[in-house]
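Below are the chains, spelled out letter by letter.
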Amino acid sequence: MKPVLFVTNHAPPFRIGAFRALHERENVHFALIGGDVRHGGGGTQGALPFPVIHAPQRGVARLAASGRYRAVIAGLSGKVALPAAYAGARAGRIPFVLWATIWAHPRTPAHALGYLPLRHIYRHADAIATYGPHVSAYVRSKHPKGPVFEAPQAVDGAFWGASATPDRRADFQILFAGRPAPEKGFDVLERAADVGTLVVAQDRSPEQLRNLYAGSDVLVVPSLPTRDFLEPWGLVVNEAFHQGVPVIATDAVGAAAGGLVQHEQTGLIVPAGDEDALRAAIHRLHDDAALRRTLGENGRRAVAAYTYDAWAQAMSRALAAC
């Protein structure tokens with residue numbers, strides 16, 4: 001059986017397990033086009049457990065149309081890689097699956113130029129796999145002809161859920177994991193966190209970050225929507241839930257819009273940019289240890305379904321559908 005061509009930018013550490021699971025199911029060759037990494041996690045690792053092609057973006061069309069592959073999957077990475085992959089699949093008369101990751105189109109002039117070509121791909125892809133219900137709702141607003149499947153975002157549950165050495169620095173520890181960039185809402189969190197101690201985890205090893213989760217009372221993901229950014233998911237939520245840590249997230253976080261963070265079930269959701277609401281949520285968890293435990297336990301149970309195999313199975317269903 002011919003392999004499948006999967007076009008994306010990098011194979012960062014948090015994707016390797018998912019990509020490996022898909023390769024084992026479908027015999028996938030990953031065409032890595034490189035480029036900037038905005039959402040963290042680093043670029044491609046050196047040794048990978050699946051076949052890799054380092055391809056220039058403009059060479060993707062020729063690759064997809066080469067006759068070597070039985071189908072093409074492509075994400076939204078790069079400036080021309082996606083339309084090139086789509087055009088190549090059409091030229092080669094093989095199915096095309098879109099891996100959709102955004103739940104609102106960026107509002108910059110450059111992105112405006114790409115809107116109509118992207119809408120055409122949404123409408124004419126043979127199948128679409130999405131990050132979750134929030135992305136599926138956006139995709140369906142474009143009236144796709146192909147079926148839509150949800151491939152749950154996952155981390156290595158065995159690693160993130162393993163026993164850790166708690167890194168605890170205060171009686172009530174608030175954790176922010178990631179870059180303190182404007183769109184991540186760190187300035188809002190810094191003003192709202194007026195109880196306990198706010199710890200920023202940036203450029204930590206996975207083991208160090210796991211210890212910080214284990215030592216924290218709450219993870220806060222205060223992301224803000226901007227003209228060119230809307231948090232697609234936020235895998236730090238999955239990581240924290242595997243350690244049983246409750247999450248406060250804004251409604252601009254994909255993991256909240258996509259249903260993993262559920263208000264008063266696995267965490268608390270507040271309006272993006274609302275400093276008073278965020279402060280009230282922090283105070284609520286500060287004052288209620290029983291609520292923290294309940295949310296954390298519920299989060300641990302909820303995230304158990306978000307696995308690499310579940311992601312790969314959904315991608316396989318999208319391939320089978322076309």
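The sections below set out a description of the structure shown in this document. (Residues numbered from 1 in each chain as written. Predicted model: local features only at pLDDT ≥ 70, side-chain atom pairs only at ≥ 80, totals over all residues. Heavy atoms only, no water.)

What follows concerns the sheet that holds strand β3 (residues 52-54). Within a sheet, each strand pairs with its neighbour through backbone hydrogen bonds, oriented either parallel or antiparallel. The strand order across the open sheet formed by seven strands is β3-β2-β1-β4-β5-β6-β7, and the pairing between neighbours is parallel. If you trace the sheet from one side to the other, it starts and ends with β3 and β7 (148-150), each paired once. On average, adjacent strands in this sheet sit at an angle of 20 degrees to one another, irrespective of strand direction. Packing against the sheet, helix α1 (residues 13-26) makes contact with β1 (4-8), β2 (28-32), β4 (71-74) and β5 (96-100), and its axis sits at approximately 140 degrees to β2. Sitting on the sheet, helix α5 (residues 133-140) touches β5, β6 (127-130) and β7, and the angle it makes with β7 is about 165 degrees. (Pairing = 2+ DSSP bridges. Helix = DSSP H or I, 4+ residues; strand = E, 2+ residues; numbered from the N terminus. Axes fitted to C-alpha atoms, helices over the stretch in contact; angles between N-to-C directions. Contact = heavy atoms within 4.5 Å.)

Our next topic: the packing of helix α3 (residues 81-92) against helix α4 (residues 109-124). Between α3 and α4, whose axes approach to 11 Å, the crossing angle comes to 45 degrees. Here α3 is positioned oblique relative to α4, judged by the angle of their axes. As for the relative orientation of α3 and α4, their crossing is left-handed in sense. Note on element contacts: α4 touches α3 through Leu-118, His-120, Ile-121 and His-124, opposite Leu-82, Pro-83, Tyr-86 and Arg-90. Counted by class, the contact of α3 with α4 contains five nonpolar, two polar and one charged residues. (Parallel < 35°, antiparallel > 145°, perpendicular 65-115°, else oblique. Left-handed = near helix turned anticlockwise from the far one by under 90°. Nonpolar A, V, L, I, M, F, W, Y, C, P; charged D, E, K, R; others polar.)

Okay, helix α11 (residues 275-287) next. Taking 1.5 Å of rise per residue, 13 residues should cover 18 Å, and α11 covers 18 Å from first to last C-alpha, within 8% of that figure. Taken together, the buried positions of α11 are occupied by Leu-278, Arg-279, Ala-281, Ile-282 and Leu-285. Considered in projection along α11, the buried side chains sweep an arc of 160 degrees and stay on one side of the axis. Facing away from the buried side of α11, by more than 90 degrees, are the exposed residues Asp-276 and Asp-287. Where α11 is buried, its residues touch β8 (173-177), α7 (186-192), β10 (218-221), β11 (247-250), β12 (267-270) and α12 (289-303). Looking at where α11 begins, the residue whose side-chain oxygen comes 3.2 Å from the main-chain nitrogen of Asp-276 is Asp-274. (Expected span 1.5 Å × (residues − 1). Buried < 20%, exposed > 50% of the residue type's maximum accessible area, 1.4 Å probe, protein only. Arc of directions from axis to C-beta. Polar contact = N/O pair within 3.5 Å; in protein donor to acceptor, adjacent residues only side chain to side chain.)

We now examine helix α8 (residues 206-215). Considered for burial, the residues of α8 that qualify are Leu-209, Arg-210, Leu-212, Tyr-213 and Gly-215. On its buried face, α8 sits against α6 (157-160), β8, β9 (197-201), β10 and α9 (235-242).

What follows deals with the pattern of salt bridges. Counted by the stated rule, this structure contains twelve salt bridges. Across the pair Glu-275 and Arg-279 runs a salt bridge whose closest N-O atoms are separated by 2.6 Å. Separated by four residues within a single helix, Glu-275 and Arg-279 lie in helix α11, roughly one turn from each other. Judged by relative accessible area, which is 23%, Glu-275 ranks as partly exposed. Across the pair Arg-279 and Asp-276 runs a salt bridge whose closest N-O atoms are separated by 3.1 Å. Placement of both Arg-279 and Asp-276 in helix α11 is noted, with a separation of three residues, approximately one turn of the helix. The class of Asp-276 is exposed, set by a relative accessible area of 54%. A single network of salt bridges, built from pairs that share partners, joins Arg-191, Asp-194, Glu-275, Asp-276 and Arg-279. (Salt bridge = Lys/Arg side-chain N within 4 Å of Asp/Glu carboxyl O.)

Before going further, it helps to spend a moment on the sheet that holds β8. Ordered by their spatial adjacency, five strands build an open sheet running β9-β8-β10-β11-β12, and the pairing between neighbours is parallel. What marks the edges here is a single partner per strand, and that holds for β9 and β12. The sheet shows a mean angle of 25 degrees between the axes of neighbouring strands, direction not considered. Summarising the sheet, β8 and β9 pair through five bridges and their orientation is parallel. Residue pairing for β9: Ala-177 is matched across the bridge by Ala-201. Here α9 sits on the sheet in contact with β8, β10 and β11, set at roughly 170 degrees to β10. Packed onto the sheet, α11 meets β8, β10, β11 and β12 and runs at close to 165 degrees relative to β12.

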